[in-house]
Amino acid sequence: MIRFDNVSKVYPGGGTAVKGLHLEVEPGEFVCLIGPSGCGKTTTLKMINRLQEPTSGTIYVSGKDIMKQDPVQLRRGIGYVIQQIGLFPNMTIGENIAVVLKLLGWPKEKRRQRVDDLLPLVGMDADQYRDRYPGQLSGGQQQRVGVLRALAAQPDLILMDEPFGALDPITRDILQAEVKQLQVKLSKTIVFVTHDMEEALKLADRIVLMKDGTILQHGTPDDLLKRPADEFVERFMGRYRPKEETADAGIRELMLPLGGRDASRPDPERCPSIEAGCTVQEAMRTMFVADAALLTVRDESGRPVGLLTRERLVERLNREQGQEQNQDQEQIS
Ligand code: ADP
Ligand code: MG
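Residues numbered from 1 in each chain as written. Chains lettered and ligands numbered in written order. Predicted model: local features only at pLDDT ≥ 70, side-chain atom pairs only at ≥ 80, totals over all residues. Heavy atoms only, no water.

*Asks:* What am I meant to see in the layout of surface pockets here?
*Replies:* Any empty space left between atoms is shown by rolling a water-sized probe over those atoms. One number sums up the size of the second largest pocket: a volume of about 500 Å³. Around the second largest pocket sit 21 residues that line it, and Arg75, Ile78, Tyr80, Val100 and Arg149 are the ones nearest its centre. Elements with a contribution of two residues or more to the lining of the second largest pocket: helix H2 (71-76), strand S6 (78-82), helix H4 (99-103) and helix H7 (139-151). A per-element tally of the lining of the second largest pocket places S6 first, with 5 residues. (1 Å grid on protein atoms, 1.4 Å probe; cavity = no way out; pocket = protein on both sides within 12 Å on 5 of 7 lines; lining within 4 Å. Points joined across faces, edges and corners; volume = space filled by probe spheres on them. Helix = DSSP H or I, 4+ residues; strand = E, 2+ residues; numbered from the N terminus.)

*Asks:* It is not clear to me how the site of ligand 1 should be interpreted in this structure. Could you clarify?
*Replies:* Close to ligand 1 lie Tyr11, Ala17, Pro36, Ser37, Gly38, Cys39, Gly40, Lys41, Thr42 and Thr43. Lysine 41 is positioned such that a nitrogen or oxygen atom in its side chain is 2.9 Å from an oxygen atom of ligand 1. Between ligand 1 and the protein, one listed contact pairs an oxygen atom with a side-chain N or O atom of threonine 43 at 2.5 Å. Here ligand 1 has 560 Å² of accessible area as a free molecule, and 56% of this is covered by the chains. Ranked by residues supplied to the shell around ligand 1, first place goes to helix H1 (residues 41-48) with 3 residues. Here the residues of the shell around ligand 1 are counted per class, giving 4 nonpolar, 5 polar and 1 charged. (Near = heavy atom within 4 Å. Polar contact = N/O pair within 3.5 Å; in protein donor to acceptor, adjacent residues only side chain to side chain. Areas by Shrake-Rupley, 256 points an atom, 1.4 Å probe, with all protein chains shown as cover. Nonpolar A, V, L, I, M, F, W, Y, C, P; charged D, E, K, R; others polar.)

*Asks:* Explanation requested: the packing of H7 against helix H8 (residues 169-186) in the structure shown.
*Replies:* For any two helices packed against each other, one specifies the crossing angle of their axes together with the interaxial distance. Taken N-terminus to C-terminus, the directions of H7 and H8 make an angle of 15 degrees; their axes are 10 Å apart at the nearest point. Classified by the interaxial angle, the pair formed by H7 and H8 is roughly parallel. Considering how the two elements wind past one another, H7 and H8 form a crossing that is right-handed. On the side of H7, the interface is formed by Gly140, Gln143, Arg144, Val147 and Leu151, while H8 contributes Thr171, Ile174, Leu175, Glu178, Val179, Leu182 and Leu186. (Axes fitted to C-alpha atoms, helices over the stretch in contact; angles between N-to-C directions. Parallel < 35°, antiparallel > 145°, perpendicular 65-115°, else oblique. Left-handed = near helix turned anticlockwise from the far one by under 90°. Contact = heavy atoms within 4.5 Å.)

*Asks:* Please clarify how the nonpolar core should be interpreted in this entry.
*Replies:* Across soluble globular proteins, you tend to see nonpolar side chains buried next to one another. The biggest cluster of nonpolar side chains holds 47 residues, and the ones touching the most others in it are Ile97, Leu119 and Met160. Element by element, the count of residues in this core is highest for H7, at 5 residues. In this structure, isoleucine 97 is in contact with Val115, Leu118, Leu119, Val145, Leu148, Arg149 and Ala152, ignoring residues within four places of it in sequence. Listed in part, the 25 residues of the second largest apolar core include Leu23, Leu74, Leu159 and Val193. (Core = buried A, V, L, I, M, F, W, Y, C linked by side-chain atoms within 4.5 Å. Buried < 20%, exposed > 50% of the residue type's maximum accessible area, 1.4 Å probe, protein only.)

*Asks:* Hey, could you run me through the sheet that holds strand S13 (residues 294-298) in this one?
*Replies:* Whether parallel or antiparallel, the strands of a sheet pair through hydrogen bonds between backbone atoms. Here we have 4 strands laid out as an open sheet, ordered S11-S14-S13-S12, and mixed in their pairing. Each edge of the open sheet is held by one strand with a lone partner, namely strand S11 (256-257) and strand S12 (273-275). As paired elements, S11 and strand S14 (residues 304-309) share 2 bridges and run antiparallel to each other. Across the sheet, proline 257 pairs through a bridge with glycine 306, a residue of S14. Contacts from helix H13 (residues 280-290) reach S12, S13 and S14, with the element oriented near 135 degrees to S13. (Pairing = 2+ DSSP bridges.)

Okay, here's the thing in structure tokens:
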């Protein structure tokens, strides 16, 4: 879907923001670019839709060199979501979502139908919200509309730059889940910039860890957690790595026993399942991808041993986050 071939970016009068980048993103993949502030994440993302242009090297989108395409045309085929939502305050929610569709010349009826199909995807009732103005919506709702606007013209590729950075933790958690489910359901390719490892671990099929304009390591969340390429990666991933001796106790301590079977209890055979030995993060990912509030925990032989609720997982993650926030600040800055 995307290929960076030895791409560098030097800002006029500035340093080298991105150095000799090689990167491939497969169709349908959810890739997170992560790393400390100033490491070149936004620059990398913006080069994909030519909001910035590479100083050297070549970027291909769907096999075509982007410098040989009309930038406006290119951008219309790529969704883009940023933190500062940027909805037009004097346009209704419906008009905001359909902005690109109008540019593409879709007739009014078809635009309206598309808006009405999109709003429910993020749990917003079309009749209730279509004609409201952005100022009448909460921050979380506005950001949902921002995501729908990026989806409206059905681009295969969506770029997101810290889209949920300004939201409170609960709203962020909900939107992360919604975006992950949309990506899986609609099989979109997403390149997502974040400096929040928690977010990357929840969402990414592949994480690209950057520092000083280069890639330190890329791989699945599991690769980075279990096989960090060097000390920096190890430190960056530090608090998320499974603690070998406690991983098993971790999930087991959180889960609820199965107990006796009666009709009011969920059937463990009908819930998505995880192994008791997996990490809290892996459990969270399974929940996100399956859009489940409940998981069955199985032992090594596959036998159900307990149930894990979303509340207990979130509670645990929040507790860890509180304890280690200071450490985090040091690592990110
Ligand atoms: P990140 O998104 O990882 O925080 P950026 O891609 O925004 O990093 O920035 C990478 C480097 O390029 C930083 O040193 C930043 O100061 C510099 N930079 C970013 N945008 C510009 C610009 N428009 N002009 C000059 N320098 C810039
Ligand atoms: Mg940035």
